[in-house]
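Structural overview for review
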Amino acid sequence: MHEDVIYYSQCWEDPLVVLRALSINSNDEVLSITSGGDNSLAILSAGASRVTSIDINPAQNYLLELKYKATQTLSYDEYLEFLGIRDSGRRIYFFEKIRPELSKQARDWWLDHKELIPVGIIHCGRFDKYVRFFARYVIPLIHRRQTIQNFLATVSMEDQWRFYNEAWNSRLWKFMFGFATKKQSLTRARHGGMFAQADNTPTSGEYVRRMEKNIASVPIRDNYFMHYSLNGNYLSYLPFSMQEENYKKLREICIKDNSRLVCVSENILTYLRTVSDNTLTKFNLSDIFEALSLEKNNKIWDEIVRTAKSGARVVYWNNLVKRTYPEYLSKYIKSDEILQDELRKQDRVYFYDKVYTHTIIK
Ligand SMILES: C[S@@+](CC[C@H](N)C(=O)[O-])C[C@H]1O[C@@H](n2cnc3c(N)ncnc32)[C@H](O)[C@@H]1O
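First, a word on what this report is: a plain description of the structure on this page. Nothing here was measured: the structure is a model prediction, and the numbers come from that model.

What counts and how
- Residues numbered from 1 in each chain as written.
- Predicted model: local features only at pLDDT ≥ 70, side-chain atom pairs only at ≥ 80, totals over all residues.
- Helix = DSSP H or I, 4+ residues; strand = E, 2+ residues; numbered from the N terminus.
- Rg over C-alpha atoms; globule rule 2.2 N^0.38 Å.
- Buried ≥ 20, exposed ≤ 12 C-beta atoms within 10 Å, placed from the backbone.
- Contact = placed C-beta atoms within 7 Å.
- Axes fitted to C-alpha atoms, helices over the stretch in contact; angles between N-to-C directions.
- Parallel < 35°, antiparallel > 145°, perpendicular 65-115°, else oblique.
- Nonpolar A, V, L, I, M, F, W, Y, C, P; charged D, E, K, R; others polar.
- Pairing = 2+ DSSP bridges.
- Near = placed C-beta within 6 Å.
- Right-handed = clockwise from strand over helix to strand, strands pointing away.
- Core = buried A, V, L, I, M, F, W, Y, C linked by C-beta atoms within 7 Å.

1. Regarding the overall build of the protein
Across its full length, the protein holds 17 helices and 7 strands. Taking 2.2 N^0.38 as the reference for a compact globule, 362 residues should give roughly 21 Å; the C-alpha atoms of the protein span a radius of gyration of 20 Å, in line with that estimate. Along the first, second and third principal axes, the C-alpha set of the protein runs to 55 × 50 × 35 Å. For the protein, the proportion of its 362 residues judged to be buried stands at 40%. Sequence-distant contacts in the protein: of pairs separated by 6 or more residues, those separated by 24 or more amount to 76%.

2. What about the packing of helix H3 (residues 58-73) against helix H6 (residues 104-112)?
At their nearest, the axes of H3 and H6 sit 9 Å apart, and the two run at 100° to each other. Here H3 is positioned roughly perpendicular relative to H6, judged by the angle of their axes. From H3, Ala59, Tyr62, Glu65 and Leu66 reach across to H6, where they touch Gln105, Ala106, Trp109 and Trp110. For the contact of H3 with H6, the residue count by class is 6 nonpolar, 1 polar and 1 charged.

3. Considerations on the packing of helix H8 (residues 145-152) against helix H13 (residues 224-231)
The contact between H8 and H13 brings their axes to 11 Å, and the two run at 175°. Considering their axes alone, H8 and H13 lie roughly antiparallel with respect to each other. Between H8 and H13, the residues in contact are Ile148, Phe151 and Leu152 and His227, Leu230 and Asn231, respectively. Taken together, the residues of the contact of H8 with H13 sort by class into 4 nonpolar, 2 polar and no charged.

4. Comments concerning the environment of valine 305
Of note, valine 305 is situated in helix H16 (residues 294-307). Distance from valine 305 to methionine 194, taken between C-alpha atoms, is 24 Å for residues 111 residues apart in sequence.

5. Quick notes on the sheet that holds strand E3 (residues 261-264)
If you trace the 7 strands from one edge of the open sheet to the other, you get E3-E2-E1-E4-E5-E7-E6, paired in mixed fashion. The two strands at the open ends of the sheet, each matched to only one other strand, are E3 and strand E6 (333-335). Neighbour-to-neighbour, the strand axes of the sheet open up by a mean angle of 20°, direction not taken into account. Summarising the sheet, strand E4 (residues 280-284) and strand E5 (residues 308-318) pair through 4 bridges and their orientation is parallel.

6. Considering the site of the ligand
Surrounding the ligand, one finds 19 residues, the nearest of these being Ser35, Ile56, Asn57, Arg190 and Ile268. Looking at the shell around the ligand residue by residue, the class counts come to 10 nonpolar, 6 polar and 3 charged.

7. Considerations on unusual backbone geometry
Residues other than glycine seldom take positive phi values, yet asparagine 278 does so here, at roughly 50°. Inspection of the secondary structure puts asparagine 278 in the loop between helix H15 (268-272) and E4.

8. A few points about the pairing of E4
In terms of burial, E4 is a largely internal element, 5 of the 5 residues being buried. In this fold, E4 hands off to H16, which returns the chain to E5; that crossover is right-handed.

9. Observations concerning the pairing of strand E7 (residues 354-360)
Taking burial as the measure, the 7 residues of E7 include 5 buried ones, the bulk of the element. Bridging between E6 and E7 involves 3 bridges; their strand directions are antiparallel. Across the sheet, the residue bridging to serine 335 is histidine 358, located in E7.

10. Some points on the nonpolar core
Counting 88 residues, the largest nonpolar core has Ile43, Leu44, Leu66, Ile121, Val314 and Val315 as its most contacted members. Broken down by element, the residue count for this core peaks at 7 residues, all from H3. Not counting the four nearest positions on each side in its chain, isoleucine 43 is found in contact with Val18, Ile24, Val30, Ser32, Ala48, Val51 and Asn284.

11. Considering H13
Listed as buried for H13 are Tyr224, Phe225, Met226, His227 and Tyr228. Those residues of H13 that are buried lie in contact with helix H7 (126-142) and H8. Glycine 232 sits one or two positions beyond H13 and adopts a positive phi of about 85°.

12. Comments concerning the environment of proline 100
Looking at the element boundaries, proline 100 is found in the loop between helix H5 (91-98) and H6. Assessed through the 9 C-beta atoms surrounding it within 10 Å, proline 100 is described here as exposed. Separated by 15 residues in sequence, proline 100 and glutamate 115 have C-alpha atoms that sit 18 Å apart.

Geometric descriptors of this kind do not, in isolation, establish any biological role.
Right, dumping it as C-alpha coordinates:
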(Lines give C-alpha, C1' and ligand atoms only; values in the text may rest on other atoms or scores of the structure.)
Protein backbone atom coordinates (compact mmCIF):
# COMPACT_ATOMS: atom_id res chain seq x y z
CA MET A 1 0.00 0.00 0.00
CA HIS A 2 1.43 3.35 -1.03
CA GLU A 3 1.27 5.65 1.93
CA ASP A 4 1.56 8.78 -0.20
CA VAL A 5 -1.88 8.29 -1.65
CA ILE A 6 -5.26 8.85 -0.09
CA TYR A 7 -7.58 6.50 -1.95
CA TYR A 8 -10.81 7.43 -0.17
CA SER A 9 -11.30 10.94 1.18
CA GLN A 10 -14.88 10.10 2.14
CA CYS A 11 -16.44 6.86 3.31
CA TRP A 12 -18.46 5.18 0.61
CA GLU A 13 -20.49 3.06 3.01
CA ASP A 14 -23.75 4.44 4.34
CA PRO A 15 -23.31 5.57 8.00
CA LEU A 16 -27.03 5.12 8.68
CA VAL A 17 -26.61 1.46 7.78
CA VAL A 18 -23.50 1.18 9.97
CA LEU A 19 -25.23 2.81 12.95
CA ARG A 20 -28.41 0.78 12.62
CA ALA A 21 -26.50 -2.49 12.19
CA LEU A 22 -24.23 -1.82 15.15
CA SER A 23 -26.69 -0.07 17.49
CA ILE A 24 -23.92 1.85 19.26
CA ASN A 25 -24.06 2.41 23.03
CA SER A 26 -21.81 4.02 25.60
CA ASN A 27 -20.11 0.73 26.58
CA ASP A 28 -18.99 -0.03 23.06
CA GLU A 29 -15.40 -0.84 22.19
CA VAL A 30 -15.45 -0.55 18.42
CA LEU A 31 -13.02 -1.58 15.72
CA SER A 32 -13.76 0.42 12.57
CA ILE A 33 -12.02 0.56 9.20
CA THR A 34 -10.92 4.16 8.66
CA SER A 35 -11.16 4.63 4.89
CA GLY A 36 -12.33 8.30 4.54
CA GLY A 37 -12.78 8.51 8.33
CA ASP A 38 -16.43 9.55 8.30
CA ASN A 39 -17.89 6.32 9.62
CA SER A 40 -15.41 6.07 12.48
CA LEU A 41 -16.43 9.65 13.36
CA ALA A 42 -20.12 8.75 13.04
CA ILE A 43 -19.65 5.85 15.47
CA LEU A 44 -17.79 8.11 17.87
CA SER A 45 -20.48 10.80 17.73
CA ALA A 46 -23.13 8.10 18.28
CA GLY A 47 -21.61 7.64 21.75
CA ALA A 48 -19.21 4.66 21.61
CA SER A 49 -16.87 4.45 24.56
CA ARG A 50 -13.87 3.95 22.33
CA VAL A 51 -13.27 3.69 18.57
CA THR A 52 -10.10 2.08 17.27
CA SER A 53 -9.98 3.22 13.69
CA ILE A 54 -7.73 0.99 11.64
CA ASP A 55 -6.33 1.25 8.14
CA ILE A 56 -3.45 -0.50 6.46
CA ASN A 57 -2.77 2.80 4.68
CA PRO A 58 -1.51 5.38 7.22
CA ALA A 59 -2.54 8.28 4.95
CA GLN A 60 -6.20 7.37 5.57
CA ASN A 61 -5.63 7.78 9.30
CA TYR A 62 -3.85 11.12 8.80
CA LEU A 63 -6.96 12.26 6.94
CA LEU A 64 -9.22 11.06 9.76
CA GLU A 65 -7.06 12.86 12.32
CA LEU A 66 -7.22 16.09 10.31
CA LYS A 67 -11.03 15.88 10.01
CA TYR A 68 -11.39 15.13 13.72
CA LYS A 69 -9.04 17.88 14.93
CA ALA A 70 -10.74 20.33 12.57
CA THR A 71 -13.91 19.96 14.67
CA GLN A 72 -11.98 21.09 17.74
CA THR A 73 -10.29 24.06 16.09
CA LEU A 74 -12.84 25.45 13.64
CA SER A 75 -16.35 26.85 13.97
CA TYR A 76 -19.02 24.88 12.09
CA ASP A 77 -19.05 27.27 9.12
CA GLU A 78 -15.25 27.20 8.95
CA TYR A 79 -15.31 23.40 9.21
CA LEU A 80 -17.58 23.11 6.14
CA GLU A 81 -15.34 25.57 4.30
CA PHE A 82 -12.19 23.70 5.25
CA LEU A 83 -13.55 20.28 4.26
CA GLY A 84 -14.49 21.52 0.79
CA ILE A 85 -18.27 21.68 1.05
CA ARG A 86 -18.40 25.46 0.88
CA ASP A 87 -16.24 27.66 -1.34
CA SER A 88 -13.16 29.00 0.39
CA GLY A 89 -9.85 30.71 -0.25
CA ARG A 90 -8.84 30.24 3.40
CA ARG A 91 -8.15 26.49 3.67
CA ILE A 92 -4.39 26.80 4.19
CA TYR A 93 -5.07 29.40 6.89
CA PHE A 94 -7.45 26.94 8.60
CA PHE A 95 -4.89 24.14 8.26
CA GLU A 96 -2.32 26.31 10.06
CA LYS A 97 -4.82 26.68 12.94
CA ILE A 98 -5.35 22.89 13.16
CA ARG A 99 -1.70 21.92 12.62
CA PRO A 100 -0.51 22.23 16.27
CA GLU A 101 -3.24 19.76 17.33
CA LEU A 102 -2.08 16.99 14.98
CA SER A 103 0.24 14.11 15.90
CA LYS A 104 3.78 14.52 14.56
CA GLN A 105 3.24 11.86 11.85
CA ALA A 106 -0.01 13.40 10.64
CA ARG A 107 1.48 16.92 10.74
CA ASP A 108 4.55 15.85 8.75
CA TRP A 109 2.42 13.98 6.21
CA TRP A 110 0.12 16.94 5.62
CA LEU A 111 3.07 19.33 5.36
CA ASP A 112 4.43 17.06 2.61
CA HIS A 113 1.02 17.00 0.92
CA LYS A 114 -0.13 20.55 1.54
CA GLU A 115 -1.22 20.89 -2.09
CA LEU A 116 -4.25 18.68 -1.26
CA ILE A 117 -5.67 21.22 1.18
CA PRO A 118 -6.78 24.17 -1.03
CA VAL A 119 -9.10 21.87 -3.01
CA GLY A 120 -10.89 20.70 0.16
CA ILE A 121 -9.80 17.49 1.86
CA ILE A 122 -13.05 15.59 1.18
CA HIS A 123 -12.23 15.76 -2.53
CA CYS A 124 -8.60 14.60 -2.44
CA GLY A 125 -9.04 10.79 -2.52
CA ARG A 126 -8.34 8.96 -5.74
CA PHE A 127 -11.82 7.42 -5.72
CA ASP A 128 -13.53 10.72 -4.84
CA LYS A 129 -11.61 12.57 -7.58
CA TYR A 130 -12.80 9.99 -10.08
CA VAL A 131 -16.44 10.30 -9.01
CA ARG A 132 -16.19 14.10 -8.91
CA PHE A 133 -14.57 14.33 -12.32
CA PHE A 134 -17.43 12.31 -13.80
CA ALA A 135 -19.97 14.57 -12.07
CA ARG A 136 -18.32 17.86 -12.97
CA TYR A 137 -17.02 17.22 -16.48
CA VAL A 138 -18.84 14.24 -17.97
CA ILE A 139 -22.43 14.54 -16.74
CA PRO A 140 -22.72 18.18 -17.94
CA LEU A 141 -21.97 16.86 -21.45
CA ILE A 142 -25.01 14.59 -21.11
CA HIS A 143 -27.53 16.63 -19.13
CA ARG A 144 -28.31 20.30 -18.57
CA ARG A 145 -27.72 21.67 -15.07
CA GLN A 146 -31.45 22.06 -14.54
CA THR A 147 -32.06 18.41 -15.44
CA ILE A 148 -29.47 17.31 -12.85
CA GLN A 149 -31.04 19.55 -10.17
CA ASN A 150 -34.55 18.37 -11.07
CA PHE A 151 -33.51 14.72 -10.80
CA LEU A 152 -31.88 15.24 -7.39
CA ALA A 153 -34.98 17.08 -6.15
CA THR A 154 -37.62 14.51 -7.12
CA VAL A 155 -39.96 13.83 -4.22
CA SER A 156 -41.89 10.61 -4.75
CA MET A 157 -40.32 7.29 -5.73
CA GLU A 158 -42.72 7.08 -8.61
CA ASP A 159 -41.56 10.46 -9.99
CA GLN A 160 -37.94 9.53 -9.39
CA TRP A 161 -38.19 6.33 -11.41
CA ARG A 162 -40.21 8.04 -14.15
CA PHE A 163 -37.69 10.89 -14.35
CA TYR A 164 -34.84 8.41 -14.63
CA ASN A 165 -36.51 6.57 -17.50
CA GLU A 166 -37.90 9.57 -19.35
CA ALA A 167 -35.28 12.30 -18.81
CA TRP A 168 -32.07 10.73 -17.49
CA ASN A 169 -31.38 7.34 -19.03
CA SER A 170 -30.38 8.62 -22.48
CA ARG A 171 -28.12 6.71 -24.87
CA LEU A 172 -25.24 9.02 -24.03
CA TRP A 173 -25.77 8.49 -20.28
CA LYS A 174 -25.82 4.71 -20.78
CA PHE A 175 -22.61 4.84 -22.79
CA MET A 176 -20.72 7.15 -20.40
CA PHE A 177 -21.90 5.40 -17.23
CA GLY A 178 -21.08 2.02 -18.77
CA PHE A 179 -17.59 3.24 -19.67
CA ALA A 180 -16.95 4.75 -16.22
CA THR A 181 -17.97 1.55 -14.43
CA LYS A 182 -15.87 -0.85 -16.49
CA LYS A 183 -13.23 -2.59 -14.41
CA GLN A 184 -10.44 -1.07 -16.53
CA SER A 185 -11.81 2.42 -15.80
CA LEU A 186 -12.41 1.72 -12.11
CA THR A 187 -8.77 0.72 -11.52
CA ARG A 188 -8.11 4.48 -11.74
CA ALA A 189 -10.40 4.96 -8.75
CA ARG A 190 -10.28 2.00 -6.39
CA HIS A 191 -7.08 0.58 -4.98
CA GLY A 192 -5.87 -2.11 -7.41
CA GLY A 193 -5.76 -4.65 -4.55
CA MET A 194 -9.55 -4.39 -4.22
CA PHE A 195 -9.82 -6.31 -7.53
CA ALA A 196 -7.28 -8.98 -6.54
CA GLN A 197 -9.91 -11.72 -6.08
CA ALA A 198 -12.42 -10.51 -8.68
CA ASP A 199 -12.99 -12.65 -11.77
CA ASN A 200 -13.16 -11.32 -15.33
CA THR A 201 -16.93 -10.86 -15.47
CA PRO A 202 -17.57 -7.40 -16.99
CA THR A 203 -18.61 -4.99 -14.25
CA SER A 204 -20.48 -2.23 -16.05
CA GLY A 205 -23.71 -4.20 -16.71
CA GLU A 206 -23.80 -5.22 -13.07
CA TYR A 207 -23.30 -1.62 -11.89
CA VAL A 208 -26.08 -0.41 -14.22
CA ARG A 209 -28.38 -3.02 -12.63
CA ARG A 210 -27.40 -1.93 -9.10
CA MET A 211 -27.76 1.77 -9.91
CA GLU A 212 -31.24 1.21 -11.37
CA LYS A 213 -32.31 -0.87 -8.39
CA ASN A 214 -31.18 1.97 -6.11
CA ILE A 215 -32.98 4.64 -8.14
CA ALA A 216 -36.16 2.55 -8.20
CA SER A 217 -36.18 2.03 -4.42
CA VAL A 218 -34.10 4.60 -2.44
CA PRO A 219 -35.17 8.27 -2.32
CA ILE A 220 -32.61 10.43 -4.10
CA ARG A 221 -33.53 13.68 -2.32
CA ASP A 222 -31.55 12.90 0.84
CA ASN A 223 -29.11 10.50 -0.77
CA TYR A 224 -25.94 12.54 -0.43
CA PHE A 225 -23.88 9.81 -2.09
CA MET A 226 -25.96 10.24 -5.22
CA HIS A 227 -25.77 14.04 -4.92
CA TYR A 228 -21.97 13.85 -4.85
CA SER A 229 -21.91 11.36 -7.72
CA LEU A 230 -24.18 13.40 -9.99
CA ASN A 231 -23.40 16.94 -8.84
CA GLY A 232 -19.75 16.79 -7.62
CA ASN A 233 -20.52 18.15 -4.17
CA TYR A 234 -23.26 18.14 -1.58
CA LEU A 235 -26.46 20.12 -1.75
CA SER A 236 -28.40 20.99 1.39
CA TYR A 237 -28.30 17.43 2.79
CA LEU A 238 -24.84 16.77 4.26
CA PRO A 239 -22.99 13.57 5.19
CA PHE A 240 -23.66 12.41 8.75
CA SER A 241 -20.40 13.51 10.40
CA MET A 242 -20.68 16.91 8.70
CA GLN A 243 -24.17 17.70 9.98
CA GLU A 244 -24.12 20.45 12.61
CA GLU A 245 -25.49 18.34 15.45
CA ASN A 246 -22.89 15.61 14.88
CA TYR A 247 -20.08 18.14 14.39
CA LYS A 248 -21.00 19.54 17.83
CA LYS A 249 -20.87 16.09 19.44
CA LEU A 250 -17.50 15.35 17.86
CA ARG A 251 -16.14 18.72 18.91
CA GLU A 252 -17.19 18.11 22.50
CA ILE A 253 -15.59 14.64 22.54
CA CYS A 254 -12.43 15.94 20.90
CA ILE A 255 -12.07 18.75 23.45
CA LYS A 256 -13.07 16.77 26.57
CA ASP A 257 -11.76 13.27 25.97
CA ASN A 258 -9.40 12.97 23.09
CA SER A 259 -8.51 9.36 23.98
CA ARG A 260 -11.83 7.95 22.72
CA LEU A 261 -10.54 7.82 19.13
CA VAL A 262 -7.39 5.79 18.52
CA CYS A 263 -5.89 5.46 15.02
CA VAL A 264 -4.00 2.30 14.14
CA SER A 265 -2.11 2.01 10.85
CA GLU A 266 -1.76 -1.71 10.39
CA ASN A 267 -3.20 -4.74 8.66
CA ILE A 268 -6.33 -5.69 10.59
CA LEU A 269 -5.15 -9.28 11.03
CA THR A 270 -1.85 -8.19 12.58
CA TYR A 271 -3.72 -5.82 14.86
CA LEU A 272 -6.41 -8.28 15.95
CA ARG A 273 -3.71 -10.74 16.97
CA THR A 274 -2.57 -8.19 19.60
CA VAL A 275 -6.10 -7.79 21.05
CA SER A 276 -7.17 -9.80 24.13
CA ASP A 277 -9.99 -12.37 24.00
CA ASN A 278 -13.56 -11.08 24.52
CA THR A 279 -12.72 -7.36 24.19
CA LEU A 280 -14.50 -5.78 21.22
CA THR A 281 -18.25 -5.19 21.00
CA LYS A 282 -18.73 -3.75 17.49
CA PHE A 283 -16.89 -4.14 14.16
CA ASN A 284 -17.36 -1.86 11.12
CA LEU A 285 -15.39 -3.55 8.35
CA SER A 286 -16.20 -1.84 5.04
CA ASP A 287 -15.61 -4.37 2.23
CA ILE A 288 -12.11 -5.43 3.27
CA PHE A 289 -12.80 -9.16 2.91
CA GLU A 290 -13.24 -9.15 -0.82
CA ALA A 291 -9.62 -8.18 -1.42
CA LEU A 292 -8.43 -11.28 0.47
CA SER A 293 -7.77 -14.91 -0.30
CA LEU A 294 -10.17 -17.30 1.44
CA GLU A 295 -7.38 -18.33 3.77
CA LYS A 296 -6.75 -14.76 4.96
CA ASN A 297 -10.47 -14.07 5.09
CA ASN A 298 -10.92 -17.05 7.42
CA LYS A 299 -7.99 -16.04 9.62
CA ILE A 300 -9.55 -12.62 10.17
CA TRP A 301 -12.89 -14.22 11.07
CA ASP A 302 -11.08 -16.51 13.56
CA GLU A 303 -9.69 -13.37 15.19
CA ILE A 304 -13.03 -11.55 15.12
CA VAL A 305 -14.69 -14.41 16.96
CA ARG A 306 -11.82 -14.67 19.46
CA THR A 307 -11.63 -10.92 20.23
CA ALA A 308 -15.40 -10.29 20.24
CA LYS A 309 -17.44 -10.17 23.42
CA SER A 310 -20.52 -12.35 23.26
CA GLY A 311 -23.28 -10.25 21.63
CA ALA A 312 -20.80 -8.25 19.54
CA ARG A 313 -22.12 -6.98 16.19
CA VAL A 314 -20.35 -6.89 12.84
CA VAL A 315 -21.21 -4.98 9.67
CA TYR A 316 -19.50 -5.29 6.26
CA TRP A 317 -20.20 -5.20 2.54
CA ASN A 318 -19.48 -7.26 -0.56
CA ASN A 319 -18.95 -5.52 -3.84
CA LEU A 320 -17.63 -7.72 -6.66
CA VAL A 321 -16.50 -10.76 -4.67
CA LYS A 322 -18.65 -12.81 -2.30
CA ARG A 323 -16.93 -13.15 1.05
CA THR A 324 -18.34 -14.06 4.43
CA TYR A 325 -17.36 -16.04 7.53
CA PRO A 326 -16.27 -19.67 7.12
CA GLU A 327 -18.84 -22.36 7.73
CA TYR A 328 -16.85 -23.81 10.66
CA LEU A 329 -17.54 -20.59 12.64
CA SER A 330 -21.29 -20.67 12.05
CA LYS A 331 -22.04 -21.87 15.59
CA TYR A 332 -20.67 -18.51 16.84
CA ILE A 333 -22.13 -16.20 14.19
CA LYS A 334 -25.82 -15.44 13.73
CA SER A 335 -27.57 -13.16 11.22
CA ASP A 336 -30.74 -11.22 11.88
CA GLU A 337 -32.20 -11.80 8.42
CA ILE A 338 -35.00 -9.25 8.84
CA LEU A 339 -32.61 -6.48 9.88
CA GLN A 340 -30.15 -7.44 7.16
CA ASP A 341 -32.89 -7.27 4.58
CA GLU A 342 -34.03 -3.86 5.80
CA LEU A 343 -30.46 -2.56 5.73
CA ARG A 344 -30.08 -3.72 2.13
CA LYS A 345 -33.26 -1.85 1.23
CA GLN A 346 -32.22 1.39 2.94
CA ASP A 347 -28.56 1.42 1.77
CA ARG A 348 -28.02 4.67 -0.13
CA VAL A 349 -24.78 3.58 -1.81
CA TYR A 350 -25.82 1.90 -5.04
CA PHE A 351 -22.65 0.05 -6.01
CA TYR A 352 -22.42 -2.75 -3.44
CA ASP A 353 -23.83 -6.19 -3.94
CA LYS A 354 -24.98 -6.59 -0.34
CA VAL A 355 -24.47 -5.44 3.24
CA TYR A 356 -24.10 -8.12 5.93
CA THR A 357 -24.63 -7.85 9.65
CA HIS A 358 -24.05 -10.58 12.23
CA THR A 359 -24.00 -11.10 15.97
CA ILE A 360 -21.21 -13.10 17.59
CA ILE A 361 -22.57 -15.51 20.20
CA LYS A 362 -20.16 -17.33 22.49
C1 LIG B 1 -11.73 -1.87 1.92
S2 LIG B 1 -11.31 -0.32 1.19
C3 LIG B 1 -12.76 -0.18 0.21
C4 LIG B 1 -13.38 1.09 -0.07
C5 LIG B 1 -14.56 1.05 -1.04
N6 LIG B 1 -15.69 0.51 -0.34
C7 LIG B 1 -14.31 0.26 -2.30
O8 LIG B 1 -14.95 -0.76 -2.50
O9 LIG B 1 -13.52 0.67 -3.15
C10 LIG B 1 -11.50 0.80 2.54
C11 LIG B 1 -10.23 0.96 3.37
O12 LIG B 1 -9.85 -0.30 3.93
C13 LIG B 1 -8.45 -0.32 4.05
N14 LIG B 1 -8.05 -1.74 4.13
C15 LIG B 1 -8.18 -2.66 3.16
N16 LIG B 1 -7.75 -3.86 3.59
C17 LIG B 1 -7.34 -3.68 4.88
C18 LIG B 1 -6.77 -4.55 5.86
N19 LIG B 1 -6.55 -5.83 5.60
N20 LIG B 1 -6.45 -4.04 7.06
C21 LIG B 1 -6.67 -2.72 7.32
N22 LIG B 1 -7.20 -1.86 6.43
C23 LIG B 1 -7.53 -2.32 5.22
C24 LIG B 1 -7.97 0.41 2.79
O25 LIG B 1 -6.68 0.93 2.95
C26 LIG B 1 -9.02 1.47 2.61
O27 LIG B 1 -8.64 2.72 3.13
